[in-house]
Amino acid sequence: MRIYDTLRARKVDLKPLEEGKIKMYVCGPTVYNLIHIGNARPMIVFDTFRRYLEYKGYDVNYVSNFTDVDDKIIKAANEEGVTSEEISKRYIEECKKDMAGMNIKPATTHPLATQEIGGMIDMIQTLIDKGYAYVAEDGTVYYRVRSFKDYGKLSHKNLDDLESGHRKEREAIKVTGEDSKESPFDFVLWKPKKEGEPYWDSPWCQGRPGWHIECSEMSKKYLGEQIDIHAGGVDLIFPHHENEIAQSEAANGVPFAKYWMHNAFLNINGEKMSKSLGNFFTVRDISEHYDLQVLRFFMLSAHYRSPLNFSDELMESAKTGLDRILNTVSNLDFILKNGTNRAEGPLEGEDMDLADAYIRKFEDAMDDDCNTADAIAAIFELVRAINAAVNEDSSIAFVKQLKEKLQMLCDVLGIVTEKKEESLDEEVEALIAERQAARKAKDFARADAIRAQLLSMDIVLEDTREGVKWHRK
Ligand code: AMP
Ligand code: ZN
């Protein structure tokens, strides 16, 4: 399997540190609001990559954090007059609901930054002891970027160029004087508390950690000092991931992540979708118009390293594409229930070979840097072949196998092909309520039509003294 590695700036063979195992860390969201569909892109693409690794037989330890202490969380808490904890807890719960809707597997561990402060303090102390960090007068601890010779290796930036660019910029806008940092690119590991902010005791001052140290520590605690893959959106390459490398490698004395994967942006009108620009839709907004599977399918219709523009047309075409697959599965189900012939047909062997060829095509696409766009094209070819090959005379074994094969590929993409019982329950309840309303309005034709529709879904109604009851046939 090949993946594009940002560190080496090319596609490379994936060779895990330990055979058959993958340790993967994906930077998670800052929880101060409902997540937007830009945040959903890394969740969906790296969940899909994880599913494919599992399909290939790897044992994947997948860690994704929630950043639950941050200026934006504190601001939201102050605006509402509640604690930061209340805000972060609420939005973690909401985020988990959205993730379930998008069929994103829960991570092996979802650590919370606020639960790992002790480990962060230890790591910062190690960096100070080794000369990689220094304490300013007010108790702020900074990372000394000049002390880490590889600084810039991930983002392919050179510290001299960065610093001279920064100097010119400041001269141009006539900013004079420097703060307490040795270099403008030195970054905060620990900062003093301000009035009304959450804080923890530390050897330097009461305060809280910087964002970058959180991921270095959580990755180390749950995956170890060396991991296989670290991932996130492209905006995290610099400075977040660059800084994580500087911290982890300086503190632990070993290479940090073997591979770095980054998804491109989800754009809207050619601009990055972001909360600060205000040009975003939340996952919750989308769920009011579409099943979130459509959103998932839309995200996977492009390669994860290509920018993707969000539009109604593309969502509609994702819906049509997804329906084509789901319709084929329900046709197969229909034939399994109602087909008459149980003997193998003359062309079934050949047709099965054709199906297997499309499965290989799917795998080739996924092996080539998780190319979900081409993988979906292979599924469509499989669907077309199934539609042509199967009819009511097909043998049960043949239909069953084709269905299993199609479902196996859909599983890798996280597409659910069977209707979930609970969503079906909601649909049934809504139809029953509509039937009651029709009866009340003396529209008995409509009421009967609904009873018949429910019956076709194998739902039997009983009008009892306590009200309408229903059960499955
Ligand atoms: P944040 O909550 O801003 O730290 O973002 C959480 C994750 O979402 C990070 O991996 C970001 O890179 C990613 N992300 C944020 N906005 C977008 C976007 N418009 N397109 C793709 N990924 C994004
Ligand atoms: Zn991170």
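What comes next is a walk through the structure. (Residues numbered from 1 in each chain as written. Chains lettered and ligands numbered in written order. Predicted model: local features only at pLDDT ≥ 70, side-chain atom pairs only at ≥ 80, totals over all residues. Heavy atoms only, no water.)

1. Topic: the sheet that holds strand 6 (residues 141-143)
Alright, step 1. Taken together, 4 strands build an open sheet; the order of strands is 5-6-7-8 and the sheet is antiparallel. Of all strands in the sheet, those bounded by a partner on one side alone are strand 5 (133-135) and strand 8 (207-209). Taking the axes of each pair of neighbouring strands and ignoring which way they run, one obtains an average angle of 20° across the sheet.
Alright, step 2. Here strand 7 (residues 187-192) runs beside strand 8; their pairing, made up of 3 bridges, is antiparallel. Of the residues in strand 8, the one forming a bridge with Trp 190 is Pro 209. (Pairing = 2+ DSSP bridges. Helix = DSSP H or I, 4+ residues; strand = E, 2+ residues; numbered from the N terminus. Axes fitted to C-alpha atoms, helices over the stretch in contact; angles between N-to-C directions.)

2. A closer look at the coordination of the zinc ion (ligand 2)
Alright, step 1. The protein atoms that coordinate the zinc ion (ligand 2) are Cys 27 (SG), Cys 215 (SG) and His 240 (NE2), at distances of 2.0 to 2.2 Å.
Alright, step 2. Read in sequence order, the donor residues coordinating the zinc ion (ligand 2) give the pattern C-x187-C-x24-H. With a gap of 188 residues between them, Cys 27 in the loop between strand 3 (21-26) and helix 1 (37-55) and Cys 215 in helix 6 (residues 211-223) connect regions that are remote in the sequence. (Donors = N, O, S within 2.8 Å, 3.2 Å for Na, K, Ca; no water.)

3. Describing the environment of Ile 3
Alright, step 1. Its location among the elements puts Ile 3 in strand 1 (residues 2-5).
Alright, step 2. Exposure remark for Ile 3: the relative accessible area of 0% places this residue in the buried category.
Alright, step 3. Separated by 372 residues in the primary sequence, Ile 3 and Ala 375 have C-alpha atoms spaced 15 Å apart.
Alright, step 4. Residues in contact with Ile 3, not counting those within four places in the same chain, are Arg 10, Lys 11, Val 12, Leu 14, Phe 49, Tyr 259, Met 261 and Asp 369. (Buried < 20%, exposed > 50% of the residue type's maximum accessible area, 1.4 Å probe, protein only. Contact = heavy atoms within 4.5 Å.)

4. Looking at the site of ligand 1
Alright, step 1. Around ligand 1 sit 18 residues in total, of which Gly 38, Gly 233, Asp 235, Leu 266 and Met 273 are the nearest.
Alright, step 2. Asn 39 has a polar side-chain atom sitting 3.3 Å from an oxygen atom of ligand 1.
Alright, step 3. One of the backbone nitrogen or oxygen atoms of Leu 266 is found 2.7 Å away from a nitrogen atom of ligand 1.
Alright, step 4. Considering ligand 1 on its own, with 490 Å² of exposed area, one finds that the protein chains cover 89% of that surface.
Alright, step 5. Those elements that place two or more of their residues in the shell around ligand 1 are helix 1 and strand 9 (227-233).
Alright, step 6. At 3 residues, helix 1 tops the list of elements feeding residues into the shell around ligand 1.
Alright, step 7. Among the residues forming the shell around ligand 1, the class breakdown is 8 nonpolar, 8 polar and 2 charged. (Near = heavy atom within 4 Å. Polar contact = N/O pair within 3.5 Å; in protein donor to acceptor, adjacent residues only side chain to side chain. Areas by Shrake-Rupley, 256 points an atom, 1.4 Å probe, with all protein chains shown as cover. Nonpolar A, V, L, I, M, F, W, Y, C, P; charged D, E, K, R; others polar.)

5. Things to note about unusual backbone geometry
Alright, step 1. Here Phe 238 and Pro 239 are connected by a cis peptide whose omega angle stands at 0°.
Alright, step 2. Among the secondary structure elements, Pro 239 is positioned in helix 7 (residues 237-252).
Alright, step 3. Although it is not a glycine, His 156 adopts a positive phi angle of roughly 55°.
Alright, step 4. Position of His 156 relative to the elements: it lies in the loop between strand 6 and helix 5 (159-172).
Alright, step 5. Its identity as a non-glycine residue notwithstanding, Asn 269 has a phi of 50°, on the positive side.
Alright, step 6. With respect to the helices, strands and loops of the structure, Asn 269 is situated in the loop between strand 11 (266-268) and strand 12 (271-272).
Alright, step 7. Here Asn 269 falls in the exposed class, since its relative accessible area comes to 73%.

6. So, the pattern of salt bridges
Alright, step 1. Per the stated rule, a full pass over the model turns up 35 salt bridges.
Alright, step 2. Between Lys 153 and Glu 249 there is a salt bridge; the shortest N-O distance is 2.8 Å. Taken as a pair, Lys 153 in the loop between strand 6 and helix 5 and Glu 249 in helix 7 lie far apart in primary sequence, 96 residues in all.
Alright, step 3. Residue classification places Lys 153 among the partly exposed positions, given a relative accessible area of 27%.
Alright, step 4. Overlapping salt bridges, with partners in common, bring together Glu 94, Lys 97, Asp 98 and Arg 284 in one network. (Salt bridge = Lys/Arg side-chain N within 4 Å of Asp/Glu carboxyl O.)

7. Section: the packing of aromatic side chains
Alright, step 1. Evaluation of the coordinates by the stated rule reveals 10 aromatic pairs.
Alright, step 2. When the centroid spacing of 5.7 Å and the interplanar angle of 40° are considered together, the rings of Tyr 134 and Tyr 142 count as tilted. Note on accessibility: Tyr 134 and Tyr 142 belong to one class, buried.
Alright, step 3. Taken together, a centroid distance of 5.6 Å and an interplanar angle of 90° make the contact between Phe 298 and Phe 310 edge-to-face. In this pair, Phe 298 sits in helix 9 (residues 292-300) while Phe 310 sits in the loop between strand 13 (308-309) and helix 10 (312-338), placing the two residues 12 residues apart along the sequence.
Alright, step 4. A relative accessible area of 1% places Phe 298 in the buried class.
Alright, step 5. Exposure remark for Phe 310: the relative accessible area of 8% places this residue in the buried category.
Alright, step 6. Taken together, the aromatic side chains of Tyr 132, Tyr 143 and Phe 187 make up a single cluster linked through ring pairs.
Alright, step 7. The aromatic ring of Phe 238 is capped on one face by Lys 157, whose charged end is 5.0 Å from the ring centroid.
Alright, step 8. Over the ring of Tyr 32 we find Lys 275, and its NZ or CZ is 4.7 Å from the ring centre. (Phe/Tyr/Trp six-rings, centres within 6.5 Å; stacked < 30°, edge-to-face > 60°. Lys NZ or Arg CZ within 6 Å of the ring centre and 35° of its normal.)

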